[in-house]
Amino acid sequence: MEQGMSDNPGVIAFPPALYAGTLLIGLVLSFVFPIDFLSRSVALVLGVLAIICAGLIVTSAFRTMNRAQTEVNPSRPTTAIVSDGVFRLSRNPIYLSLTLLYIGIALLFSALWALLLLLPLLVIVQIGVVQREESYLERKFGDEYLRYKARVRRWV
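Let us look at the structure shown here. (Residues numbered from 1 in each chain as written. Predicted model: local features only at pLDDT ≥ 70, side-chain atom pairs only at ≥ 80, totals over all residues. Heavy atoms only, no water.)

## A word on helix α3 (residues 93-108)
Here is the rule: A run of DSSP states H or I qualifies as a helix once it reaches four residues; a run of E qualifies as a strand once it reaches two. Both are numbered from the N-terminal end. One less than the number of residues in a helix, times 1.5 Å, gives the span that helix is expected to have. Burial classes: relative accessible area under 20% of the type maximum marks a residue as buried, over 50% as exposed, and values in between as partly exposed (1.4 Å probe, protein chains only). For this analysis, residues touch if any pair of their heavy atoms sits within 4.5 Å.
Helix length check: α3, at 16 residues, gives a terminal C-alpha distance of 22 Å against a target of 22 Å (1.5 Å per residue), a fit within 8%. Residues P93, I94, Y95, L96, S97, L98, T99, Y102, G104, A106 and L107 constitute the buried set of α3. Taken together, the buried residues of α3 touch α1 (15-32), α2 (40-67) and α4 (112-141). The positive-phi residue at the C-terminal boundary of α3 is S110, with phi of around 50°.

## Topic: a nonpolar patch on the surface
Note the threshold: Each patch groups residues whose relative accessible area exceeds 30% and which form no salt bridge, using 9 Å between like charges and 5 Å between nonpolar side chains of Val, Leu, Ile, Met, Phe, Trp and Tyr. Note on areas: Shrake-Rupley, 1.4 Å probe, and residue coverage restricted to the protein chains presented here. For this analysis, a salt bridge means a side-chain nitrogen from Lys or Arg found within 4 Å of a carboxyl oxygen belonging to Asp or Glu.
A cluster of nonpolar side chains, F37, L38, V42, V45, L46 and L49, forms an exposed patch at the surface whose accessible area comes to about 460 Å². Here L46 lies in helix α2.

## Notes on the environment of A68
In this fold, A68 is placed in the loop between α2 and α3. Placed 60 residues apart in sequence, A68 and G128 show a C-alpha to C-alpha distance of 25 Å. If near-sequence neighbours (up to four positions away) are discounted, A68 is found in contact with A80 and V82.

## Concerning the pattern of salt bridges
In this structure the tally under the stated criterion is 6 salt bridges. Close ionic contact of E134 with R91 constitutes a salt bridge, the shortest N to O distance being 2.6 Å. Here E134 is found in helix α4, whereas its partner R91 is found in the loop between α2 and α3, with 43 residues between them in sequence. Each of the two residues, E134 as well as R91, counts as buried. Put simply, R91, E134, E138, K149 and R154 are held in one network by salt bridges that share partners.

In structure tokens form, the structure reads like this:
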């Protein structure tokens, strides 16, 4: 790594805070300007399924990262490329789980506004978090990361 460069990706914000803030705005908008879009039973089933999937993915990702003894928090240095467990299927399983959790909560609250805000949120996460992390990992790990990147999809 070049001297003078910070040993972290320099993401624009703590990713869970981006998701939580956007979800909160969407929930408030849905409370103030409610729009019915799914039956309560369908929203409940889909919401619970999304939350369960999110929990399974994030638990697996955290365990895999802990076994590799690398950092989960993007403001701290990464010490290893994690390519096993759920990281064989997605380079970003934690962000995938945050997205599923967001969708699940939005569905449970029948918050169409929150679902509509998901697309701009994902653009912000892609540009302000994921791309910065990928650039950092390429600088830090070089060919090792490029091989992993060529093998595993970004999201799913």
